[in-house]
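Inside the fold
The chain contents come next:
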Amino acid sequence: MSELKDKTAKGLLWGGLGNGVMQLLNLLFGIFLSRMLSPGDYGVVGALTIFSALAGILSESGFILAIVNRKEVTEIYYNSVFWFNVAMSMTIYAVLWFCAPLIAGFYRQPEMVGLSRFIFTGFVFSALASTPTAYFFRSLNVEIRSKIQITALAVSGIAGVYCAFVGLGYWAIAVQTVLYTAVNSSLLWITCPLRPRFQFSLTVLKQMLPFSIKQLTVSVFTQFNNNIFSVLLGRFYGMRPTGFYTQGNKWTSMGTGILTGMLTGVGQPVLRQTVDDPERLRRVFRRLLRFTALLSFPAMFGLALVSREVIVLLITDKWLDSVRVMQILCIGGAFLPIATLYGNLFNSIGRPGVYMWNVIALGLTQTLFLCITYNLGLQTMLLFYASVNVAWTFVWQFFARRYAGLRFREAFTDILPYLIMSAAVMVVTGIITAGIGNSVLLLAVRIILVVSFYSLSIRLMRPEEFEEAVNFIWRRKNES
């Protein structure tokens, strides 16, 4: 039990540290790029995101998580998945190469032909790294993956800023995106002890197929749901509004990325080790749930509170239309790490179908609301989108009660204190600082007050998860 707790704490520490550094680098590079590029530049690349994202998911087909979820894995599993992913990625890229003129015609942007063909190479590089990705993921080695991702982001970010500086426009974002994937994949192979061999077994793939097909369906609907705005805006409103949405969504994703990255790298491997003891599984899940709520609500609500100051000060007021987008997405985004954790739970207990059908139903429901509110404007569409995301927490919990025995009272006892406390801190801070006119001073005061008020509240509550995290960090510091 102590070994699992130590692994969990170490994974959460490196997951949080790695994602934190990555988001900081994304912030720095994003500032430079946003100041040098236009909303239209971001819109052109943002409109292509759904194609490259879906292509990457189809080429991987859910087999990485299928490997992670198996109790025992031999070398032939890794090799079979590797060669399958290579073949799929090459096939899908060939299809998209010929479809590039059709995509450009859909958006009425002829320049997208060459741009899309270049951007789509990114998912090919990603597929080539399927074996080391699965290996490090399964072994809970978050430290190595975090260091590799940070290095890849630094290299690609510098290249992207340089391209923007010399006037390449939207090609700067494309270069940054593809180069990140290429460097990340290369470093994964260099550090991974496994090497691909000419082994392939359809029998092995068939064994993992029931799980992988569910993960594939989940990922497809998730990406479709996350990128439907860019498709609709790019087709019917043009590249400039798409750019404002892309910018607001990017800044929100920086916040949610830290937490979901921590949980994705730790949640399912840890829960998988407790499935033989239902009571222990519930205890571990509730501890992760409280830890997630403790961090997610203040982080995302706080980001919504300072969104205007962040946008104006860092990337100038030419992006002001992104503020409202960012605020709405932050409120809904506060619940995304919790949904991710529920997904880890269902996968770990052998119920990936529950996760799959929930994601499908959620995506269809949100798409329905988008179609209904389409003529009411972007903000109204986003409000309904975020509201459905928040309300779906009750659906996740319904199935957690049914299949894992987690009662509603237990789950909401874990979540609500942090939700209420975080909302109260933001409201009080907003009222106190309402009269401050200087943006720099307003940002500084709001950050100081939010951190102070929330830290005081945490100090009074003294949650077990917070104390365990502090004790673990202190122990690691003393050991080093």
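Going by the structure above, here's the rest.
Sequence order as written defines the numbering, with residues in each chain counted from 1. Thresholds applied to this predicted model are a pLDDT of at least 70 for local features of residues and 80 or more for the giving and counting of side-chain atom pairs; totals over whole chains, interfaces and linings are not thresholded and use all residues. Side-chain metrics in this entry use all non-hydrogen atoms of the structure; hydrogen atoms and water are not considered.

Each helix corresponds to a stretch of at least 4 residues labelled H or I by DSSP, and each strand to a stretch of at least 2 residues labelled E; elements are numbered beginning at the N terminus. Counting secondary structure elements, the protein chain contains 20 helices and 0 strands. The cut-offs for exposure are 20% and 50% of the maximum accessible area for each residue type, with area from a 1.4 Å probe on protein chains only; residues under the lower value are buried, those over the upper are exposed, and the others partly exposed. Burial status across the protein chain gives 52% buried among its 480 residues. The criterion used for residue contact is that any of the two residues' heavy atoms lie within 4.5 Å. Within the protein chain, residue pairs in contact and separated by at least 24 positions form 84% of the contacts whose partners lie at least 6 positions apart. Here the Shrake-Rupley method, with its probe set to 1.4 Å, supplies the accessible areas, and only the displayed protein chains count as covering residues. As displayed, the protein chain offers around 20,900 Å² of accessible surface, 66% of which is attributable to carbon and sulfur atoms.

What follows is about the pattern of salt bridges. What makes a salt bridge here is a side-chain nitrogen of Lys or Arg within 4 Å of a carboxyl oxygen of Asp or Glu, nothing more. According to the stated counting rule, one finds 6 salt bridges in the structure shown. Its salt-bridge partner being Arg 290, residue Asp 414 comes within 3.1 Å of it at the nearest N-O pair. Here Asp 414 is found in helix α18 (residues 408-432), whereas its partner Arg 290 is found in helix α12 (residues 278-305), with 124 residues between them in sequence. This pair shows no difference in class: Asp 414 is buried, exactly as Arg 290 is. Three or more residues are tied together by salt bridges with common partners; here these are Arg 286, Arg 290, Arg 407, Glu 410 and Asp 414.

Right, let's talk about the side chain of Ser 34 for a bit. With respect to the secondary-structure elements, Ser 34 resides in helix α1 (residues 2-36). Throughout this description, a polar contact denotes any pair of N or O atoms lying within 3.5 Å of each other; where both atoms belong to protein, one of them has to be capable of donating a hydrogen while the other can accept it, and for residues adjacent in sequence the pair is counted only when both atoms sit in side chains. Within polar-contact distance, the side chain of Ser 34 engages the side chain of Tyr 42 at 3.3 Å. Residues in contact with Ser 34, not counting those within four places in the same chain, are Tyr 42, Gln 247, Lys 250, Ile 315, Lys 318 and Trp 319.

Moving on, we come to the packing of aromatic side chains. Aromatic rings in a pair are described by how distant their centres are and how their planes are angled relative to each other. Aromatic contacts are taken between Phe, Tyr and Trp rings whose centres are within 6.5 Å, Trp giving its six-membered ring; a plane angle under 30 degrees counts as stacked, one over 60 as edge-to-face, and the others as tilted. One pass over the full model with this rule turns up 20 aromatic pairs. Measuring from centroid to centroid gives 5.4 Å for Tyr 42 and Trp 319, while their planes differ by 90°, and the two rings are edge-to-face. Remark: Trp 319 occurs in the loop between α13 (307-315) and α14 (322-333) and Tyr 42 occurs in helix α2 (residues 39-60); sequence separation between them is 277 residues. Grouped by ring-pair contacts, the aromatic residues Phe 82, Trp 83, Trp 189 and Phe 198 constitute a single cluster. Any Lys NZ or Arg CZ found within 6 Å of a ring centre and within 35 degrees of that ring's normal is scored as a charge over the ring. Above the ring of Trp 97, the side-chain terminus of Arg 117 is found at 4.1 Å from the ring centroid.

Here the focus is the environment of Tyr 385. Structurally, Tyr 385 can be placed in helix α17 (residues 378-404). Since its relative accessible area comes to 11%, Tyr 385 is described here as buried. C-alpha of Tyr 385 to C-alpha of Leu 368: the two residues are 17 residues apart in sequence and 9.7 Å apart in space. Discounting residues that sit within four places of it in the chain, Tyr 385 has contacts with Asn 225, Asn 226, Phe 229, Leu 329 and Gln 366.

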